[in-house]
Amino acid sequence: MSQLIARFITSNTDFKTCPPARFPEFAFIGRSNVGKSSLINSLTFHKGLAKTSQTPGKTQLINHFMIDEKWYLVDLPGYGFAKVSKEKRREFEKMIFDYLIHRENLTCLFVLIDIRLKPQAVDIEFMSRMVEHEIPFHIVFTKADKLSQKQVNESVDVYKKFLLDMWDELPEIFITSAEKHVGREEILANIAELIQT
Ligand code: GTP
Ligand code: MG
């Protein structure tokens, strides 16, 4: 797939002021520093489109990008970020949840998980809330370049077993590396399919 035409539209703190809900929308969420902004840049092949940082807590707003004049891609702040005040964290969480629950054109959410970690309570709780609210989501493992293929497979197997102890079926799973552009085609194909249906 060739490079997408991507342009930044707006940053918001409130779902009510987000761009008109005229196009299908795909949002990226996960813990701070998991690689949301990097993955968005990898998907679009635009290095500086979404701001990335080694310091967690870089993305603090709901950022809309228009892709190919056909769909919105949304970069969200991370959840579970310990280094900000409790009050600020609650504010962020409310902003994110209000957006997720009320955004009528949100077609699918991509929940990013660092492939090197065992299942973490904060991610499991987040995904359980998505199930509860019937918000469709896929799981995207990030930073696969940091592990061997064998370790990647083991890590994904552990995760799947953990989820199948809770749920009858698994969400769709993608394995990615923003650094090496792994998983890019699969995610874009999935989005293309969802736009058409
Ligand atoms: P917040 O906006 O703070 O919530 O973080 P984020 O989830 O948007 O993470 P970001 O994309 O800013 O990346 C965080 C750090 O992880 C940066 O130092 C990235 O270079 C690094 N990183 C992201 N994706 C990958 C990857 O696929 N491989 C490797 N090796 N590093 C990655
Ligand atoms: Mg970010």
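Residues numbered from 1 in each chain as written. Chains lettered and ligands numbered in written order. Predicted model: local features only at pLDDT ≥ 70, side-chain atom pairs only at ≥ 80, totals over all residues.

Caption draft 1: Structural context of the site of ligand 1. Around ligand 1, the structure places 24 residues, and the nearest of them are G35, S38, T52, T59 and G78. Considering every element that reaches the shell around ligand 1, the biggest residue donor is helix α1 (residues 36-44), with three residues. In terms of residue class, the shell around ligand 1 is built from four nonpolar, 14 polar and six charged. (Near = placed C-beta within 6 Å. Helix = DSSP H or I, 4+ residues; strand = E, 2+ residues; numbered from the N terminus. Nonpolar A, V, L, I, M, F, W, Y, C, P; charged D, E, K, R; others polar.)

Caption draft 2: Inspection of the sheet that holds strand β3 (residues 62-67) at higher detail. Across the sheet, seven strands lie side by side as β1-β3-β4-β2-β5-β6-β7; this open sheet has mixed pairing. The outermost strands of the open sheet, each flanked by one partner alone, are β1 (6-12) and β7 (173-175). With direction set aside, neighbouring strand axes in the sheet form an average angle of 25°. Here three bridges tie strand β6 (residues 137-142) to β7, and the two strands are oriented parallel to one another. Bridge pairing in β7 places I139 opposite I173. (Pairing = 2+ DSSP bridges. Axes fitted to C-alpha atoms, helices over the stretch in contact; angles between N-to-C directions.)

Caption draft 3: Summary view of the environment of L194. Here L194 is to be found in helix α5 (residues 184-196). C-alpha separation for the pair L194 and C108, spaced 86 residues apart in sequence, amounts to 8.4 Å. For L194, the residues in contact, after removing those within four places along its chain, are P24, T107 and C108. (Contact = placed C-beta atoms within 7 Å.)

Caption draft 4: Broad picture of the environment of E172. Within the fold, E172 resides in the loop between α4 (149-164) and β7. The sequence separation of E172 and I139 amounts to 33 residues, and the corresponding C-alpha distance is 6.2 Å. In this view, E172 contacts H138 and N190; residues no more than four positions away in its chain are not counted.

Caption draft 5: The arrangement of helix α2 (residues 86-102) in detail. Between its first and last C-alpha atoms α2 spans 24 Å; for 17 residues at 1.5 Å apiece the expected length is 24 Å, and the two agree. For α2, the set of buried residues is F92, Y99 and L100. Buried residues along α2 cover an arc of 100° about the axis, so they all sit on one side. The outward face of α2, more than 90 degrees from its buried face, is lined by the exposed residues K86, E87, R90 and K94. (Expected span 1.5 Å × (residues − 1). Buried ≥ 20, exposed ≤ 12 C-beta atoms within 10 Å, placed from the backbone. Arc of directions from axis to C-beta.)

Caption draft 6: Spatial organisation of unusual backbone geometry. Backbone geometry at D68 places phi at a positive 50°, although glycine is not the residue there. As for its position among the elements, D68 is in the loop between β3 and β4 (71-75). Residues other than glycine seldom take positive phi values, yet E134 does so here, at roughly 55°. Residue position: E134 is located in the loop between α3 (121-132) and β6. Assessed through the 7 C-beta atoms surrounding it within 10 Å, E134 is described here as exposed.

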